[in-house]
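Listed here are the chains, written in short residue letters.
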2 protein chains.
Amino acid sequence: MTTIKDVAKKAGVSVATVSRFLNDSGYVSAEAAKAVTAAVEELKYELNPIARSLNTKKSNLIGLILPDITNPFFPELARAVEDVALTYGYTVVLCNSDENPEKEKNYIETLKKKYIAGFIVTSNQLDAPHYANANVPIVALDRAINEKIPTVSSNNKEGAIMGTNALLEQGCQNILFLRGPAELNPANDRYEGFMAAIQQSNAKYQVVTCPFHFTDSQKIVEHVLKENPQIDGIFASSDVSAAGALKAASLVGRHVPNELQIIGFDGVAMGEMLSPGLTTVAQDVYKMGAIATRVLIKRIENEMVEQNFYEVPVKLIVRGTTRSVGE
Amino acid sequence: MTTIKDVAKKAGVSVATVSRFLNDSGYVSAEAAKAVTAAVEELKYELNPIARSLNTKKSNLIGLILPDITNPFFPELARAVEDVALTYGYTVVLCNSDENPEKEKNYIETLKKKYIAGFIVTSNQLDAPHYANANVPIVALDRAINEKIPTVSSNNKEGAIMGTNALLEQGCQNILFLRGPAELNPANDRYEGFMAAIQQSNAKYQVVTCPFHFTDSQKIVEHVLKENPQIDGIFASSDVSAAGALKAASLVGRHVPNELQIIGFDGVAMGEMLSPGLTTVAQDVYKMGAIATRVLIKRIENEMVEQNFYEVPVKLIVRGTTRSVGE
DNA sequence: ATATTATATGTAACCGGTTACACACTGAGA
DNA sequence: TCTCAGTGTGTAACCGGTTACATATAATAT
């Protein structure tokens, strides 16, 4: 392995000069620069990031903390984070937290010892002290951590209004809203959006809380549908729930979209594969991840960030579970 | 930050003794051990992994190189890798390669500079020199790299035989096999399995190559189904293709499973959400990831590994796209 | 009694960089 | 001519550990 000393020797300068040149810090004459460039080239020298980290106390590692990569929402996010990180020369460490504060804390501690550059976090531990005191750049994704921490999320309320109106416009008179867990900010925003839109209308509605889990959703909806045959539209706060609702509809024997229309929320790939294809309010997850990463890197590199809150617009994707367009 | 020097001073010993005690290397007397333990405790000392890495030239980072975390096969794998890594004190770096040798190579180089402990790799660049010459422990996942590199994969051939026989037993007489890309080892093994089983029978069959991509598969199957109304069974080499086939069937108006039975391969979560639920030959992806990680860590820690090839059994999950059991 | 081995510890070099500090030179302004 | 700011460079300390080597003592073998 060639070291900075080898380069210095070859270039006929001191290691300090080489370092200064490489980091573009301090004064370096044109000749010295040329000599060093040549030596680096010739020796194929590559700086050792570990040695550097040891005294700068910085690395180019970014920690991505999310509940569970297995949840269909996150892979695309992770992908975006990694893509952007790569272009800026950062590397992504994957951390599944299971929403467990202990695990989160543990990861933060462990990675801080490695001089991690920053974190992108999706968590409910909004104001857990391990974030407030982390003393390292953080960007929150999807769910706000606290006001001081920049946050990137979808325009959930807007999206819910959009979805509700789509159902209304297609003639639904009796809508079931599948509300997500109350601990989740995005779920609450979606609920607010639904309420805002539905109350503008004359339609009847009911709200049922429903975890973002396929089988559970299916069972809940199956039950509700049996009790309430008059329901002609379902707006689910997640695609997984919507998929459960769709299955429930088929089990209960209600034709989608003729007798019952369904709209999901998220826009995961699976929606397309269902029959009929799932109409959904799609989040631009990739974009969220990309923005979050860029903001984080700006923070890391001490550039000014203009704002502290980024809302990524959602988009209605119309497929077969609503009537507007057949498939 | 408290350093090893602080601990040494507090314990009244030299840094060498502290280091020896902490690493359980060399001789340390009982008294010294006690003093150091107390000092560590009192100062809440935690060893700096970067400083250590600098001279051991080792870290506790594991690189996970896979084509695309967005592909539904990989999140569970990543999850398993991370879970196991965590219990052994390792941290996972996520690398999406897009099957691009340049990217793979680049990641390997970059991470080697960080003294990465080892890699878990899913790649087709079977014997690319950057693996052979990586000079760092590697375990291959799903697809073999070369004989010297331990490999963990599913029992693909066995699984394909199992799936084919299931179709046969349910009375299929004319089976369409959706073969995966020829560059992929697992796809070839599945093809072999299918051929072995089908040739034992009197059933007619045809084979069509089909990428692991939903819309493409759907279109291909739609076309084939129109041309060949006699097809009464489809065995897809992947669940995504099977989902495409299922959708194609519904578009072409063939009832599943009455007129046409479908079996997929992989066992991704999405299969359950389809209507009818997808019968599939499920891989135990989590287990594959877990085994791979354990094997890698053994290699890293210079323990003997018994074998160089691990086959994880697959399992037939019967749902609604085959007749055996309704839903 | 002496040689040998196992146990125990400290000193200092080293891993591969960054950077504070000292020093030298140049040219402009007083 | 003297001063001073700006430019350029090297020496050596430092980041926080590990480890080769030297040294010392106790226990065992011969």
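Preceding this section is the structure that the text describes.
Residues numbered from 1 in each chain as written. Chains lettered and ligands numbered in written order. Predicted model: local features only at pLDDT ≥ 70, side-chain atom pairs only at ≥ 80, totals over all residues. Heavy atoms only, no water.

Undergrad: Which residues make up the packing of aromatic side chains, and what values do they have?
TA: With the rule as written, the count across this model stands at 12 aromatic pairs over all chains. Measuring from centroid to centroid gives 6.2 Å for A:F177 and A:Y191, while their planes differ by 40°, and the two rings are tilted. Of this pair, A:F177 sits in strand β6 (residues 174-179) while A:Y191 sits in helix α9 (residues 185-198), and the two are 14 residues apart along the sequence. For A:F177, a relative accessible area of 0% corresponds to the buried category. Aromatic pair B:F194 and B:Y205: ring centres 5.7 Å apart, planes at 80°, arrangement edge-to-face. In this pair, B:F194 sits in helix α9 (residues 185-199) while B:Y205 sits in strand β7 (residues 204-209), placing the two residues 11 residues apart along the sequence. Owing to a relative accessible area of 0%, B:F194 belongs among the buried residues under this scheme. Judged by its relative accessible area of 32%, B:Y205 is partly exposed. Linked through ring pairs, A:F177, A:Y191, A:F194, A:Y205, A:F235 and A:F265 together constitute an aromatic cluster. Positioned over the ring face of A:F265 is A:R190, at 3.9 Å from the centre of the ring. (Phe/Tyr/Trp six-rings, centres within 6.5 Å; stacked < 30°, edge-to-face > 60°. Helix = DSSP H or I, 4+ residues; strand = E, 2+ residues; numbered from the N terminus. Buried < 20%, exposed > 50% of the residue type's maximum accessible area, 1.4 Å probe, protein only. Lys NZ or Arg CZ within 6 Å of the ring centre and 35° of its normal.)

Undergrad: If you had to explain the interface of chain B and chain A to someone new, which residues and values would you point to?
TA: Listed per partner, the contact involves 49 residues of chain B and 49 residues of chain A. The junction of chain B with chain A conceals about 4,300 Å² of combined surface from both sides, 59% of it contributed by carbon and sulfur atoms. Together, B:I50, B:R79 and B:M273 form the three largest contributors to the area buried by chain B at its contact with chain A, with a combined 16%. Applying the counting criterion to the chain B and chain A interface returns 6 salt bridges. Notably, a salt bridge pairs A:D68 with B:R79, separated by 3.0 Å at the nearest N-O pair. Scanning the region where chain B abuts chain A turns up 22 residue pairs in polar contact (both at pLDDT 80 or more). At the level of elements, α4 (49-56), α5 (74-87), β2 (91-96), α6 (101-113), α10 (214-227), α11 (239-252) and α12 (270-273) of chain B are the ones that each hand at least two residues to the side of chain B that touches chain A. The dominant element in the side of chain B that touches chain A, judged by the number of residues it contributes, is α5(B), at 7 residues. Its residues placed into classes, the side of chain B that touches chain A shows 26 nonpolar, 10 polar and 13 charged. (Contact = heavy atoms within 4.5 Å. Buried area = accessible area lost by both parts, 1.4 Å probe. Salt bridge = Lys/Arg side-chain N within 4 Å of Asp/Glu carboxyl O. Polar contact = N/O pair within 3.5 Å; in protein donor to acceptor, adjacent residues only side chain to side chain. Nonpolar A, V, L, I, M, F, W, Y, C, P; charged D, E, K, R; others polar.)

Undergrad: Break down the packing of α5(B) against helix α13 (residues 285-300) of chain B for me, citing the residues and quoting the values.
TA: All names here are of chain B. Put simply, α5 and α13 touch, their axes get as near as 7 Å, and they point 40° apart. One element, α5, and the other, α13, form an angle in the oblique class. Between α5 and α13 lies a crossing whose hand is right-handed. Each of E76, L77, R79, A80, V81, D83, V84 and A85 in α5 lies in contact with α13, whose residues at this interface are V285, Y286, M288, G289, A290, T293, R294 and I297. (Axes fitted to C-alpha atoms, helices over the stretch in contact; angles between N-to-C directions. Parallel < 35°, antiparallel > 145°, perpendicular 65-115°, else oblique. Left-handed = near helix turned anticlockwise from the far one by under 90°.)

Undergrad: Please provide a residue-by-residue account of unusual backbone geometry, values included.
TA: A cis amide bond links A:V256 to the next residue, A:P257, at an omega of 10°. Counting through the fold element by element, A:P257 comes out in the loop between α11 (239-252) and β9 (261-266). For the peptide bond that leads from B:S275 to B:P276, omega is -10°, which places it in the cis range. You can see B:P276 is positioned in the loop between α12 and β10 (279-282). Non-glycine residue A:K44 carries a positive phi angle of around 50°. With respect to the helices, strands and loops of the structure, A:K44 is situated in the loop between α3 (30-43) and α4 (49-56).

Undergrad: Please set out the pairing of strand β8 (residues 233-236) of chain A residue by residue, giving values where relevant.
TA: Residue and element names in this part refer to chain A. Here β8 shows no split at all, with G233 and F235 on one side and I234 and A236 on the other all buried. Bridge count for β6 against β8 is 4 bridges, and the pairing is parallel. Bridge pairing in β8 links I175 to G233. Pairing geometry for β8 and β9, over 3 bridges, is parallel. Of the residues in β9, the one forming a bridge with I234 is I262. As a crossover connection, the stretch from β8 through α11 into β9 is right-handed. (Pairing = 2+ DSSP bridges. Right-handed = clockwise from strand over helix to strand, strands pointing away.)

Undergrad: Outline the sheet that holds strand β10 (residues 279-282) of chain A, listing residues and values.
TA: Residue and element names in this part refer to chain A. One open sheet holds the 6 strands; their spatial order is β7-β6-β8-β9-β10-β12, and the pairing between them is mixed. The open sheet is flanked by β7 (204-209) and β12 (315-317), the only strands paired with a single partner. Here the average twist between neighbouring strands, direction ignored, is 20°. The pairing of β9 with β10 spans 4 bridges and is parallel.

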